[in-house]
2 protein chains.
Amino acid sequence: MTSYLIGIDGGGTSCRAAVAATDGRMLGRGKAGAANILTDPETALQNITDAARAAFEDAGLDPAGITVARAIVGVAGHNVGDAVHYVKRRLPFAAADIESDGLIALQGALGDKDGAVAILGTGTIYIARRGDTVSYVGGWGFTIGDHGSGARIGHALLQESLLAFDGIHEASPVTDSVFAEFNNDPRDVVDFARLAKPGEFGRYAPRVFEYADRGDAVALRLLKAAATTVDEALDVVVSRGSERLCLLGGLAVLYRPWLAKRHQPRFVEAEADALTGAVALAAARFGSQREVKA
Amino acid sequence: MTSYLIGIDGGGTSCRAAVAATDGRMLGRGKAGAANILTDPETALQNITDAARAAFEDAGLDPAGITVARAIVGVAGHNVGDAVHYVKRRLPFAAADIESDGLIALQGALGDKDGAVAILGTGTIYIARRGDTVSYVGGWGFTIGDHGSGARIGHALLQESLLAFDGIHEASPVTDSVFAEFNNDPRDVVDFARLAKPGEFGRYAPRVFEYADRGDAVALRLLKAAATTVDEALDVVVSRGSERLCLLGGLAVLYRPWLAKRHQPRFVEAEADALTGAVALAAARFGSQREVKA
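These notes cover the structure that comes with them. (Residues numbered from 1 in each chain as written. Chains lettered and ligands numbered in written order. Predicted model: local features only at pLDDT ≥ 70, side-chain atom pairs only at ≥ 80, totals over all residues. Heavy atoms only, no water.)

With respect to the helices and strands, the residue Ala76 of chain B is situated in the loop between β4 (70-75) and α2 (81-90). Considered as a pair, Ala76 of chain B and Gly11 of chain B are 65 residues apart in the sequence and their alpha carbons are 6.9 Å apart. (Helix = DSSP H or I, 4+ residues; strand = E, 2+ residues; numbered from the N terminus.)

As structure tokens, this is what we get:
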């Protein structure tokens, strides 16, 4: 049986897979549900498998072939040991490595070149590569990090709506708008915040960009504070030698015009997506091993 | 059986009780474990009962007398309806009202005078009274409020230790000190923060005051930001007519020299503690009803 390469981009809302020839040439793509190896490893394993089988079908290949394929699986939380070992042992592939979703994004965005990616989404993390060295900045999660992330921006907006209610800070159209959604009742904001996951706070982030564009004073203040945290993190990766910066994630396009002038000339477009990066890593790591006995 | 008044000051770490004559004259005091009616109402009920019985014993009275006493019970989370109704129905007293811990603190601190208290502890809340009107500012909890609180200050310090680790912000003796306690491993900080309760973050707050006194740059920045949030909230209560401000809570003494000059002339010492306030409220509300049938 011919052996193929698989790239997996596992995320909190969906899992994408690609199948490629051993030289890295893409043959097909597939998709399945969420692959969060920390919070739900069984579902993650099922969706990784389903996405890989769908990619084989998309390529006109027998899905049974996934058992002799070699894979790079990119996921969030790759640095949390136990879950990684648990999932890695149970993957249905002939060989597989689990990497961070950031590393496969970096590989996709920059190819084999040096540089850094800033992933600006529900969370934030910065990943730089210089030669064989990959280094991470930030990405410690919503509770104690992820400055400038959608979750932090949305949280800050809800917080401002309470400060405006109390008369401590000024109200503005953006705080009025969010407070109205909570029936203008601070207790409803508190109830929501007590249980909200980062993604639920993050849903309010695009509104801050939208109102800042219209000149809303509170939105401008929140967005400038958030952009400063991104600029500061980019300063670190630049100081460590990254001259090419690629902004990725759901907020990348919104953020770009708000970031510091000093960084603007460094921004480059991504060459390809994270899934392509996963396949490229698989080709580099497993591409020379032509066949595996089924 | 003679009927007495009971004042209860129920907190997250302990519950204190006082028994008084119907004219408000203190007769005895008692103490028991935590009384958190939101997170553990059964234990709260037990500790409220134990503290009241201990107060009766301290006064040389038969503890069985609590069943014909009338009580004011001050607790956090008084505005969360269901828990209050549940606990109120099960209290072992002849009559009882549940009030906020802030209201009994205000009554204790200011007596019957107008003014405001700022409770600066693990959380923050501001309570002002003008005539018969009591108004609250802040106090929405750690997740989305409690600016300037011990929990927020401690959280900010841990956050700075990670920003220093990443090279995004400068390190300083205070960030070095806290990071060393987590084995200089950012993952240990993240693990702690993910599960830490507000009080656990708050344990790091006094260190920020301590290092700020020594001129530590990061401690000074964090403390000035926190003091600004307190100053802003005090501006609100002053603008609404409170000219006498009383700082209460575990951080009150530490905070006072860091608050704005404009507020300094307004600060007054508390006349008495929250337990005395609870008894005074009980005397005002129930003092005229001399006896209850057992």
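Rotating chain A by 180° about the axis while translating it 0.0 Å along that axis superimposes it on chain B, leaving an RMSD of 0.1 Å. Such a turn and shift between the copies fits a two-fold axis. Within chain A, the C-alpha atom positioned nearest to the axis of rotation is that of Thr143 of chain A, 4.8 Å from it. Interface overlap between copies is the fraction of interface residues in one copy that are interface residues in the other; for chain A against chain B it reaches 100%, indicating a shared surface. (Least-squares fit on C-alpha atoms with pLDDT ≥ 70 in both. Contact = heavy atoms within 4.5 Å.)

Glancing now at helix α4 (residues 150-165) of chain B. All names here are of chain B. The terminal C-alpha atoms of α4 lie 23 Å apart, and with 16 residues this matches the ideal 22 Å at 1.5 Å per residue to within 8%. Within α4, 14 of the 16 residues are buried, which leaves the element mostly enclosed by the surrounding structure. Taken from the residues just after α4, Gly167 is the one with a positive phi, measuring 80°. (Expected span 1.5 Å × (residues − 1). Buried < 20%, exposed > 50% of the residue type's maximum accessible area, 1.4 Å probe, protein only.)

All names here are of chain A. This structure, assessed with the given rule, holds 34 salt bridges over all chains. Here Arg16 makes a salt bridge to Asp273, at a shortest N to O gap of 3.5 Å. Here the residue Arg16 occupies a position in strand β2 (residues 15-20), and Asp273 occupies one in the loop between α10 (252-255) and α11 (274-286), the gap between them amounting to 257 residues. Arg16 gets classed as partly exposed once you look at its relative accessible area, which sits at 25%. (Salt bridge = Lys/Arg side-chain N within 4 Å of Asp/Glu carboxyl O.)

Our next topic: the nonpolar core. Ranked by size, the top nonpolar core spans 53 residues in total, and within it Ile144 of chain A together with Tyr126, Phe201, Leu234 and Tyr255 of chain B carry the most contacts. If one sorts the elements of this core by residue count, helix α9 (residues 217-239) of chain B sits on top with 13 residues. Beyond its immediate sequence surroundings of up to four residues, Tyr255 of chain B is in contact with Leu120, Gly148, Ile153, Phe209, Leu223, Ala226, Ala227 and Val230 of chain B. Counting 51 residues, the second-largest nonpolar core is a separate cluster that includes Leu120, Phe182, Val190 and Leu245 of chain A. (Core = buried A, V, L, I, M, F, W, Y, C linked by side-chain atoms within 4.5 Å.)

The next point concerns the interface of chain A and chain B. Contact residues are listed per partner, giving 30 residues for chain A and 30 residues for chain B. Surface buried jointly by chain A and chain B totals about 2,400 Å² across both partners, of which 63% is contributed by carbon and sulfur atoms. The largest share of the area that chain A buries against chain B comes from Trp140, Ile144 and Asp166 of chain A, three residues that together contribute 29% of it. Remark: the boundary between chain A and chain B carries zero salt bridges. The interface formed by chain A and chain B contains twelve residue pairs in polar contact (both at pLDDT 80 or more). Of all the elements in the fold, those that place two or more residues in the side of chain A that touches chain B are β8 (133-138), α4 (150-165), α6 (186-195) and α9 (217-239) of chain A. Here the side of chain A that touches chain B is composed, by residue class, of 16 nonpolar, eight polar and six charged. (Buried area = accessible area lost by both parts, 1.4 Å probe. Polar contact = N/O pair within 3.5 Å; in protein donor to acceptor, adjacent residues only side chain to side chain. Nonpolar A, V, L, I, M, F, W, Y, C, P; charged D, E, K, R; others polar.)

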